[in-house]
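Summary of structural features
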Amino acid sequence: MALINLKKEMAGADVTVETMAQFLQLHRNTVANKIEGTSKFTVDEAFKIQERFFPGIGLAYLFKESDSPSVKAG
């Protein structure tokens, strides 16, 4: 299940998958798969993302899974 709120906030803040991957020291495809719901972020990764890129936004909102991975924020 895709993380549509995270995708929406990334777009609004001009945070790219590449930027997030570099920050987390992960491959770009790994981060993209986690955002799309193919795999999941660890709790530590989620906290790091929230603290670094979205300090004013709650974890529950950012990492809420959608029922439809094909839904696009826009």
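Notes on the structure follow.

Parameters at a glance
- Residues numbered from 1 in each chain as written.
- Predicted model: local features only at pLDDT ≥ 70, side-chain atom pairs only at ≥ 80, totals over all residues.
- Heavy atoms only, no water.
- Salt bridge = Lys/Arg side-chain N within 4 Å of Asp/Glu carboxyl O.
- Helix = DSSP H or I, 4+ residues; strand = E, 2+ residues; numbered from the N terminus.
- Buried < 20%, exposed > 50% of the residue type's maximum accessible area, 1.4 Å probe, protein only.
- Core = buried A, V, L, I, M, F, W, Y, C linked by side-chain atoms within 4.5 Å.
- Contact = heavy atoms within 4.5 Å.
- Arc of directions from axis to C-beta.

Our focus in this paragraph is the pattern of salt bridges. When the charged atoms of two side chains with opposite charge come close together, those side chains can pair. Evaluated as defined, the whole model comprises five salt bridges. Across the pair Glu-36 and Lys-7 runs a salt bridge whose closest N-O atoms are separated by 3.0 Å. With a gap of 29 residues between them, Glu-36 in helix H3 (residues 28-36) and Lys-7 in helix H1 (residues 4-12) connect regions that are remote in the sequence. For the salt bridge of Arg-28 with Glu-18, the shortest nitrogen-to-oxygen distance reads 2.8 Å. A residue pair is termed long-range when its members are at least 10 positions apart, and Arg-28 in helix H3 and Glu-18 in helix H2 (residues 17-24) qualify at 10 residues. On the accessibility criterion, Arg-28 (36% relative accessible area) is partly exposed. Of the residues examined, Glu-18 reaches a relative accessible area of 36% and is grouped as partly exposed.

Attention shifts here to the environment of Glu-36. Take Glu-36: its relative accessible area is 32%, and that puts it in the partly exposed class. Sequence-wise, Glu-36 and Ile-4 are 32 residues apart; in three dimensions their C-alpha atoms are separated by 8.3 Å.

Counting 18 residues, the largest nonpolar core has Leu-6, Met-20, Phe-41, Ile-49 and Phe-54 as the members making the most contacts within it. In terms of residues, this core owes the most to one element, H2, which gives four residues.

What follows concerns the environment of Asn-33. Looking at the element boundaries, Asn-33 is found in helix H3. On the accessibility criterion, Asn-33 (36% relative accessible area) is partly exposed. Distance in space between the C-alpha atoms of Asn-33 and Ala-2 is 9.0 Å, their sequence separation being 31 residues. Sequence-distant contacts of Asn-33, defined by excluding residues within four places in its chain, comprise Thr-38 and Ser-39.

The next point concerns H3. Taken residue by residue, H3 has Val-31, Ala-32, Lys-34 and Ile-35 as its buried positions. Taken around the axis of H3, the buried residues stretch over an arc of 160°, which confines them to a single face. Against H1, H2 and helix H4 (43-53) lie the buried residues of H3. Immediately downstream of H3, the backbone of Gly-37 shows phi near 95°, a positive value.

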